[in-house]
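# Observations on chain architecture
Each chain is listed here by its residues.
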Amino acid sequence: MMDKALKITPEATTGKKIPGLDPLGLRADFPILSTLVHEKWPLVYLDNAATTQRPRQVIDSMVDVYETKNANVHRGIHWLSEQSTNLYEEARNKVSKFINAADSREIIFTRGTTEGINLVARSWGDANIRAGDEILLTEMEHHANIVPWQQLAERTGAIIRWLPITDEGHLALDNLESYLGPRTRLLAVTEISNVLGTINPVAELIERAHAQGILVLLDAAQSVAHRGVDVRQLGADFVVFGGHKMLGPTGIGVLYGRSKLLKAMPPFIGGGGMIRRVRKDGFEPADLPLKFEAGTPPIVEAIGLGVAIDYLDRVGLPAIHQYEQMLTTRAHEVLQAVGDVRIIGPSPRDKIGIVSFVMRGIHAHDIAQILDRYGIAVRAGHHCTMPLHKRLGLTATTRASFYFYNTLDEIDKLGTALEETKKIFRRR
Ligand code: PLP
């Protein structure tokens, strides 16, 4: 009954081309995008801010390693171990080039963004932060960039301060100087909000923080695969991101740190692989980057991440950003046309493909559940940003997030399904 009332039909989606980017052609690389949801509806995957999908090239590369090159790295003298070590280190080089690091030894493989931040909080934080020192966060941070600093504050007596946001979802920078005081040691800030989609002016933030001798950690989880990060141009001190939001596998992430900082930091996790020598009375850590890569690392995942980077390089970040802005503009138009919808965050010009919203009288979880009936995957809840939601006076939002394999048709389907959602709730 309801399927009939809904104007969308489960036919294939169409895509609009922009120079250099062919969404329909690219979709063919992603096996999961031809999934039928509830055995009926073509998957409309709009949960890319949570995790992107992986192209066949990444999946195949990982299967190939397991089938033909699998061995532990940096340990064996045998041929197979040399193969996997070379591929693992090649992946590090690819990451290094992708973010324009000066030296691939500045690239530390982690399990994800969260682990990268914890590494810095534990290693750099414990060594450098004293009672009364200040860590500056912003009101739009993900819990991954809040809790490790709160834990550091608990251990050391440091103070957490919060840079506010405006009602439009921008960082309020008017009084920035008053937050960059003599006791401020670190600014930990997201480059792009995972809820608002806001692109923060991180180059300016880094410049102003550095002018006061304050280090900056950049959470690039939402930016690295959408706009890219040039660590040298930015002069960033620490940059963290994860593989699974950039077409790569789960279980792999990256901490970039300026080599001077990383060299001075004590190891985070101890064990095999991160030492030069172990005696009964102590140990000497290995050089970078192995000092921070204890135990068997996520070898195959790192190699898969390298292939994801090859793929992103081929598609091109400028084209991805331009295309996403087109999708986001359409999403704003479509949602506004539905009515009773409040979009949270700035206009499409100032953000990437993330559109969070609330609908009058309908809970975010109900919206997501109804959209799911039509094969549309979105996220509902606080998206690991409880302080941000509190600041906005909300407990939950619905979030649609896009990537280059989404199409304008899919955005229109979202609009139609939201209209249907409204009707369902009006009938109740
Ligand atoms: N930071 C931001 C801005 C995020 O959006 C996320 C994930 O949603 C994270 C950190 C945590 O990333 P991970 O799950 O890869 O550790």
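The structure displayed is predicted, hence computed values, not measured ones.

## Points about the pattern of salt bridges
Applying the stated criterion across every chain yields a total of 28 salt bridges. For Glu410, the salt bridge goes to Arg27, with nearest N and O atoms at 3.2 Å. Of the two residues, Glu410 is situated in helix α15 (residues 408–427) and Arg27 in helix α2 (residues 23–27); the sequence distance between them amounts to 383 residues. For the pair formed by Glu410 and Arg27, the shared burial category is buried. One salt-bridge network, held together by shared partners, links Arg276, Arg277, Arg279, Asp281, Glu284 and Asp287.

## A closer look at the pairing of strand β4 (residues 107–110)
Residues of β4 alternate between two faces, with Ile107 and Phe109 on one and Ile108 and Thr110 on the opposite face, all of them buried. With four bridges joining them, β4 and strand β10 (residues 253–257) adopt antiparallel strand pairing. Opposite Ile107, over in β10, you have Tyr256 as the bridge partner.

## Thoughts on the side chain of Thr416
Within the secondary structure, Thr416 is located in helix α15. Side-chain polar atoms of Thr416 contact the backbone oxygen of Asp412, separated by 2.9 Å.

## Details of the site of the ligand
All residues adjacent to the ligand are Thr113, Thr114, His142, Ala144, Thr190, Asn194, Asp219, Ala221, Gln222, His244 and Lys245. In this structure, an oxygen atom belonging to the ligand sits 2.5 Å away from a side-chain N or O atom of Thr114. Here an oxygen atom of the ligand and a side-chain polar atom of His142 are 3.3 Å apart. Surface burial for the ligand is 85%, taken as the share of its 400 Å² of free accessible area covered by protein chains.

## Looking at the sheet that holds strand β5 (residues 134–138)
To summarise the sheet geometry, strands pair through backbone hydrogen bonds and adopt either a parallel or an antiparallel arrangement. Across the sheet, which stays open at both edges, the seven strands sit in the order β4-β10-β9-β8-β7-β5-β6 with mixed pairing between neighbours. Whereas interior strands pair on both sides, the edge strands pair on one side only; in this sheet they are β4 and β6 (159–163). Direction aside, the axes of adjacent strands within the sheet are offset by 20° on average. Examined bridge by bridge, strand β9 (residues 238–242) and β10 share five bridges and lie antiparallel to one another. Residue pairing for β10: Gly242 is matched across the bridge by Gly253.

## Notes on the sheet that holds strand β14 (residues 354–359)
Read from one edge to the other, the open sheet built from four strands follows the order β13-β14-β17-β16, with strand pairing classed as antiparallel. At either margin of the open sheet sits one strand with a lone partner, and together these are β13 (341–344) and β16 (379–381). The average undirected angle you get between the axes of adjacent strands in this sheet is 30°. Strand direction decides the pairing type here: β14 and strand β17 (residues 397–401), joined by four bridges, are antiparallel. Looking at the pairing, Val355 lines up with Ala400 of β17. Its contacts with the sheet place helix α12 (residues 317–338) against β13 and β14, and it is angled at close to 10° to β14.

## Focus on α12
Compared with an ideal rise of 1.5 Å per residue, which puts 22 residues at 32 Å, α12 spans 31 Å between its outermost C-alpha atoms and is within 8% of the ideal. Just past α12, the residue Gly339 takes up positive phi, approximately 85°.

About the criteria used
Residues numbered from 1 in each chain as written. Predicted model: local features only at pLDDT ≥ 70, side-chain atom pairs only at ≥ 80, totals over all residues. Heavy atoms only, no water. Salt bridge = Lys/Arg side-chain N within 4 Å of Asp/Glu carboxyl O. Helix = DSSP H or I, 4+ residues; strand = E, 2+ residues; numbered from the N terminus. Buried < 20%, exposed > 50% of the residue type's maximum accessible area, 1.4 Å probe, protein only. Pairing = 2+ DSSP bridges. Polar contact = N/O pair within 3.5 Å; in protein donor to acceptor, adjacent residues only side chain to side chain. Near = heavy atom within 4 Å. Areas by Shrake-Rupley, 256 points an atom, 1.4 Å probe, with all protein chains shown as cover. Axes fitted to C-alpha atoms, helices over the stretch in contact; angles between N-to-C directions. Contact = heavy atoms within 4.5 Å. Expected span 1.5 Å × (residues − 1).

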